[in-house]
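These are the residues of each chain, in order.
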Amino acid sequence: MEMTLPGAGSGAASQLTRRQKAAIIVRLLRSEGIELSLTDMPETLQVNLTREMGGLKLIDRVTLKAVVEEFVAELDGIGLSFPNGLSGALALMDGTISAAAAERVRVQAGIGAVTDAWERLSQLDGARLLPLIEEESVEIGAVILSKLKVSKAAEVLGLMPGERARRMAYSMGQTGSVSPQTVERIGQALVSQLDAEAPKAFDGGPVERVGAILNFSPAATRDDVLEGLDQEDRDFAAEVRKAIFTFINIPQRIDPRDVPKVTREVDGAMLIKALAAALNSEKEKKAAEFILGSMSQRLAQQMRDEMEALGTVKAKEGEEAMSAVVTAIREMEAKGEIILVAEDE
């Protein structure tokens, strides 16, 4: 039903319901080019507001002025507003309270994520998304991949075994009839799984943490620790060895084409000292020859001449120089400038 309110002034405004007045304010703001986001409102209120706008037709200037004045007066009377419910409170307190405290509030209240489910899922890396998808059916997995950004979906698909990836890709072509409500429920279910996981005190697994520490430990300490790990847990020791990258691992983990990048990154005097020390060690000699063999013959010979002129390098200085080379390689890998070859490859 269309409603027309001709020049009745403030009297006509008093006959309007609060929903109708809200519809008038929204329409006025939109007509002034002001973009509004009402998506945080309950869906029922959004539906009612839209219906009220559909029921109104013409509002005279006097009535409009009265509605606006009433709206402004109500705004002036508001001193402070709080978020609607615990979800809004958690969003407001994000960064103010600890992650553990926020998680405890969610668990006690039985609520899920404080942000849009799919926005949160899209921020996860492929390796974290993969186990979530693998626990679901192929059809559900296809919906998840269809909702993710193309680059993220491609990353996850590339981590799957070939047969499952093909089935998943085929099922993505069958998702056209899935309703938005179903997609939203899937997203909320996945986020609930994330929220149900206990917060972790450490970044990375134990293998990565031990490997990272041993990377920067003296060689003698590293060998003693690995020998002890072999006696206590051979499988764990084997995984730690894979996570370790030291000077002797360079021939197996560095692409020969990346060696010139590494040598440019390392201080020249430090590189000469590292190579000189390595050539005098049975363990590191192969790595030094690999580096020299990946250069031009002229540059390699120039470095050999400088090493000969340098003479004998003290063991401690040589180890520090080799550690500097390893640190440079690690930093280049972190920046994406080089890629370390996997140990198994």
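As annotated in an unreviewed UniProt entry, the protein carries the name Flagellar motor switch protein FliG and is attributed to Psychromarinibacter halotolerans. Under the Function (unreviewed entry) heading, UniProt states for the protein: "FliG is one of three proteins (FliG, FliN, FliM) that forms the rotor-mounted switch complex (C ring), located at the base of the basal body. This complex interacts with the CheY and CheZ chemotaxis proteins, in addition to contacting components of the motor that determine the direction of flagellar rotation." Heading Sequence similarities (unreviewed entry) of the UniProt record for the protein holds this comment: "Belongs to the FliG family."

### Concerning the overall build of the protein
The number of helices and strands found in the protein is 21 helices and 2 strands. Going through the 345 residues of the protein one by one, you find that 32% of them count as buried. A sequence separation of at least 24 residues applies to 74% of the contacts in the protein between residues at least 6 apart. Accessible surface, the protein: about 21,900 Å² in total, of which carbon and sulfur atoms supply 54%.

### Thoughts on the packing of helix α8 (residues 126-134) against helix α10 (residues 150-159)
A pair of packed helices can be characterised by two numbers: the angle between their axes and the separation between those axes. Two elements in contact, α8 and α10, have axes separated by 9 Å at closest approach and are oriented at 65 degrees. With respect to α10, the element α8 is oriented roughly perpendicular. The element α8 and its partner α10 pack so that their crossing is right-handed. Along its contact with α8, which presents Gly126, Ala127, Leu129, Leu130 and Ile133, the element α10 presents Lys152, Glu155, Val156 and Leu159. The residue makeup of the contact of α8 with α10, split by class, is 6 nonpolar, 1 polar and 2 charged.

### Concerning helix α14 (residues 219-232)
Compared with the 20 Å implied by 1.5 Å per residue over 14 residues, the 20 Å span of α14 between its first and last C-alpha is a close match. Those residues of α14 lying buried are Ala219, Arg222, Leu226 and Leu229. Relative to the axis of α14, the buried residues are bounded by an arc of 90 degrees and lie together on one face. Among the exposed residues of α14, those oriented more than 90 degrees off its buried face are Ala220, Asp224, Gln231 and Glu232. Those residues of α14 hidden inside the fold are in contact with α13 (206-215), α15 (234-243) and α21 (315-334).

### Side note on the confidence of the model for the protein
Looking at the protein, the pLDDT average stands at 81 and 87% of residues meet or exceed 70. Within the protein, the lowest mean pLDDT, 48, falls on strand β1 (residues 3-5), and the highest, 93, falls on helix α19 (residues 285-293). Across residues 1-9 the pLDDT falls below 50, and counting only partners more than four positions away or on other chains, this stretch makes 21 contacts in the model.

### Comments concerning the packing of helix α18 (residues 268-279) against α19
Between α18 and α19, the least distance of the axes is 7 Å, while the angle of their chain directions is 130 degrees. Relative to α19, the element α18 is oriented oblique. For the element pair α18 and α19, the recorded crossing hand is left-handed. Residues Leu275, Ala278 and Leu279 of α18 form the contact with α19, whose own contacting residues are Lys285, Ala288, Glu289, Ile291 and Leu292. Taken together, the residues of the contact of α18 with α19 sort by class into 6 nonpolar, no polar and 2 charged.

### Here we look at α21
In this model α21 runs 29 Å from its N-terminal to its C-terminal C-alpha over 20 residues, within 8% of the 28 Å that 1.5 Å per residue would give. Here α21 has its buried residues at Gly318, Ala321, Met322, Val325, Val326, Ala328, Ile329 and Met332. End-on, the buried residues of α21 take up no more than an arc of 150 degrees, which puts them together on one face. Relative to its buried face, α21 has exposed residues pointing more than 90 degrees away, namely Lys316 and Ala334. Next to the buried residues of α21 lie α16 (250-253), α17 (259-265) and α18.

### Observations regarding the pattern of salt bridges
Within this structure, the stated rule accounts for 10 salt bridges. The partner of arginine 18 in a salt bridge is glutamate 74, with the nearest N and O atoms 3.2 Å apart. Placement of arginine 18 in helix α2 (residues 18-31) and of glutamate 74 in helix α4 (residues 61-77) is noted, with a sequence separation of 56 residues between them. According to the relative accessible area criterion, arginine 18 is exposed, its value standing at 59%. Of the residues examined, glutamate 74 reaches a relative accessible area of 38% and is grouped as partly exposed.

Conventions used here
- Residues numbered from 1 in each chain as written.
- Predicted model: local features only at pLDDT ≥ 70, side-chain atom pairs only at ≥ 80, totals over all residues.
- Heavy atoms only, no water.
- UniProt positions renumbered as here; feature names shortened; annotations may be inferred.
- Helix = DSSP H or I, 4+ residues; strand = E, 2+ residues; numbered from the N terminus.
- Buried < 20%, exposed > 50% of the residue type's maximum accessible area, 1.4 Å probe, protein only.
- Contact = heavy atoms within 4.5 Å.
- Areas by Shrake-Rupley, 256 points an atom, 1.4 Å probe, with all protein chains shown as cover.
- Axes fitted to C-alpha atoms, helices over the stretch in contact; angles between N-to-C directions.
- Parallel < 35°, antiparallel > 145°, perpendicular 65-115°, else oblique.
- Left-handed = near helix turned anticlockwise from the far one by under 90°.
- Nonpolar A, V, L, I, M, F, W, Y, C, P; charged D, E, K, R; others polar.
- Expected span 1.5 Å × (residues − 1).
- Arc of directions from axis to C-beta.
- pLDDT = per-residue confidence, 0-100.
- Salt bridge = Lys/Arg side-chain N within 4 Å of Asp/Glu carboxyl O.

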